[in-house]
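# A look at the structure
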There are 2 protein chains.
Amino acid sequence: MATRRPTEDTAAATEGFRPRVDNRPEQIIGIACRLFAKRGYEGTSLRDIAEEAQITKAALYYHFPNKEALYHRIVLDSLRALIDSVRAAVDAAPTPLEKVRQYMLVSADFMDADRDSWMAGSNAFWMGAESEPRTLAIALRNEYETLLRSCIADAINAGEFRPSNIALTGRFLLSTLNQISRWHNPKGAMSTREVVEQYLDMALHGLQATARA
Amino acid sequence: MATRRPTEDTAAATEGFRPRVDNRPEQIIGIACRLFAKRGYEGTSLRDIAEEAQITKAALYYHFPNKEALYHRIVLDSLRALIDSVRAAVDAAPTPLEKVRQYMLVSADFMDADRDSWMAGSNAFWMGAESEPRTLAIALRNEYETLLRSCIADAINAGEFRPSNIALTGRFLLSTLNQISRWHNPKGAMSTREVVEQYLDMALHGLQATARA
């Protein structure tokens, strides 16, 4: 695994006490994000992150007082970026059905662009309920899910979707999305978007061959 | 969290060296299964398991030489039981489409009956590739997935399903199943089976209102 080592990083033992190292927080976030995505929150220690970043724990503490703060920052940044790009695409789509499609496809693009970031955001919700950084992350996750549900409700009201349990329909679609990072190889033959295009065809038109009466 | 403490368990410091305590391995497995399901493999230590079981680490080592062995046993037992019940239902179903339905519904029943066991088995595949107990578990997981794919292939060949990428269709259906334990409250209004019945309606008939031409 490649580590991003800044060129000025030669006095590792003392550098933590410099008042500013411009891109250090971003470097730490990038490394932590990759480790959280790979090993999960519980499986990643501050020591792991400091070692991978080739800095002292003191330098790490200077930027992030504890693991929760670091994780918090990563998850919130990821979710905010995801929601912003999905919402822009939904707003631009002409019909409720197309809004649902765009929601799914732009989420797929987000996964294609930054898999670690997606996984860190996605894994956040499967942590124990007692975990500290959850509250704000859950508010963002709710915002993300609520956006899909409102598109589904609009599609039903417009007669484009069959009537259904809206919350369950949202979970149905999000389930397919959330599991992709568990099996899909980003370097494989299909992009996440291509997978989701096929999923959308299945979900919208159904697997069964005969048209409904 | 209730712990199952055997009545004879009064001399915790020495009992580990008794040659046989009949149901001790099952007790340990039940506790470990619950902890693995709740905290994941990495987040659960042998110390946690011994404490919850109110036995010494020596007693735990007597039955399971390490965490891998314990996890291995739990995952393999869970998956074997899941596959056996799903296969029996699939064999009894009259048509390929009904086999797909039974596959999903009996998996849901398995989740309803023993959520911890399902989660331990399900989580096993999301562990890092370097984890020891994975090989046999992956063989069983492949057996489980292959069974669904063969039902899907039969449904396509029988003209009951539209032609599709069979592997991707299997993942599509399994995604909805795998995510349930992440959000569904077993004590809530709907059973897992009821959720999966609605999912099957969506997946088989599609969300879109208009019948395909």
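For the structure itself, look to the data block above.
Figured I'd write up the structure that's included with this text. (Residues numbered from 1 in each chain as written. Chains lettered and ligands numbered in written order. Predicted model: local features only at pLDDT ≥ 70, side-chain atom pairs only at ≥ 80, totals over all residues. Heavy atoms only, no water.)

Along chain A, the regular secondary structure elements total nine helices and zero strands. If you list the helices and strands of chain A from N to C, you get α-α-α-α-α-α-α-α-α. Here chain A holds 213 residues, and the buried ones make up 51% of them. (Helix = DSSP H or I, 4+ residues; strand = E, 2+ residues; numbered from the N terminus. Buried < 20%, exposed > 50% of the residue type's maximum accessible area, 1.4 Å probe, protein only.)

Each partner contributes residues to the interface: chain A has 35 residues there, and chain B has 35 residues. Together, the buried faces of chain A and chain B total about 4000 Å²; carbon and sulfur atoms form 59% of this surface. The largest share of the area that chain A buries against chain B comes from F172, L207 and Q208 of chain A, three residues that together contribute 18% of it. Put simply, chain A and chain B have two salt bridges between them. R162 of chain A serves as the salt-bridge partner of D201 of chain B, at 3.4 Å between the closest nitrogen and oxygen. Counting across the chain A and chain B interface gives 18 residue pairs in polar contact (both at pLDDT 80 or more). Mapped by element, the contributors of at least two residues to the side of chain A that touches chain B are α8 (166-183) and α9 (192-205) of chain A. Looking at the side of chain A that touches chain B, the element that brings in the most residues is α8 of chain A, giving 11 residues. Here the side of chain A that touches chain B is composed, by residue class, of 16 nonpolar, 12 polar and seven charged. (Contact = heavy atoms within 4.5 Å. Buried area = accessible area lost by both parts, 1.4 Å probe. Salt bridge = Lys/Arg side-chain N within 4 Å of Asp/Glu carboxyl O. Polar contact = N/O pair within 3.5 Å; in protein donor to acceptor, adjacent residues only side chain to side chain. Nonpolar A, V, L, I, M, F, W, Y, C, P; charged D, E, K, R; others polar.)

Below, the discussion takes up the relation of the copies chain A and chain B. Overlaying chain A on chain B yields an RMSD of 0.1 Å, the required transformation being a rotation through 180° with an accompanying axial translation of 0.0 Å. As the rotation angle and translation indicate, the two copies are arranged about a two-fold axis. Measuring from the rotation axis to each C-alpha of chain A, the shortest distance belongs to G206 of chain A, at 1.8 Å. By residue overlap, the copies meet face to face through one surface: 97% of the interface positions of chain A are interface positions in chain B. (Least-squares fit on C-alpha atoms with pLDDT ≥ 70 in both.)

To continue, consider the nonpolar core. With 128 residues, the main nonpolar core has I49 of chain A together with I49 of chain B as its most contacted residues. Those residues in contact with I49 of chain B, other than ones at most four positions away along the chain, are I28, I31, A32, L35, F36, T44, L60 and L70 of chain B. (Core = buried A, V, L, I, M, F, W, Y, C linked by side-chain atoms within 4.5 Å.)

Turning next to the side chain of H184 of chain B. Relative to the assigned elements, H184 of chain B resides in the loop between α8 (166-183) and α9 (192-205). In this structure the side chain of H184 of chain B is engaged in a polar contact, spanning 2.5 Å, whose partner is the backbone oxygen of M190 of chain B.

With that out of the way, let us pick up the environment of L35 of chain A. Residue and element names in this part refer to chain A. Position of L35 relative to the elements: it lies in helix α1 (residues 24-39). By relative accessible area, L35 is classed as buried at 1%. On a C-alpha basis, the gap between L35 and S45 in space is 9.2 Å, while along the polypeptide they are 10 residues apart. Other than its neighbours up to four places away in sequence, L35 contacts G40, T44, D48, I49 and E52.

This part takes up the pattern of salt bridges. One pass over the full model with this rule turns up 25 salt bridges over all chains. Note that E143 of chain A and R87 of chain A form a salt bridge whose closest N and O atoms lie 3.3 Å from each other. Separated by 56 residues along the polypeptide, E143 of chain A in helix α7 (residues 134-157) and R87 of chain A in helix α4 (residues 67-92) bring together distant segments of the chain. The partner of R80 of chain B in a salt bridge is E143 of chain B, with the nearest N and O atoms 3.0 Å apart. Linking R80 of chain B in helix α4 (residues 67-92) with E143 of chain B in helix α7 (residues 134-157), this pair joins segments that are 63 residues apart in sequence. With a relative accessible area of 33%, R80 of chain B lands in the partly exposed category. By relative accessible area, E143 of chain B is classed as partly exposed at 25%.

Within the secondary structure layout, Y144 of chain B lies in helix α7. C-alpha separation for the pair Y144 of chain B and D84 of chain B, spaced 60 residues apart in sequence, amounts to 9.4 Å.

Before going further, it helps to spend a moment on the packing of aromatic side chains. Using the criterion set out here, one finds seven aromatic pairs over all chains in the structure. Ring centres of F172 of chain A and Y199 of chain B lie 5.4 Å apart, and the angle between their planes is 50°; this geometry places the pair in the tilted category. Within this pair, whereas F172 of chain A is found in helix α8, its partner Y199 of chain B is found in helix α9, the two belonging to separate chains. Judged by relative accessible area, which is 1%, Y199 of chain B ranks as buried. Ring plane angle 90° and centroid distance 4.7 Å describe the contact between F36 of chain B and Y71 of chain B, whose orientation is recorded as edge-to-face. With F36 of chain B in helix α1 (residues 24-39) and Y71 of chain B in helix α4, this pair connects stretches of sequence that are 35 residues apart. In this structure F36 of chain B comes out as buried when scored by relative accessible area, which is 1%. By relative accessible area, which is 3% here, Y71 of chain B ends up buried. (Phe/Tyr/Trp six-rings, centres within 6.5 Å; stacked < 30°, edge-to-face > 60°.)

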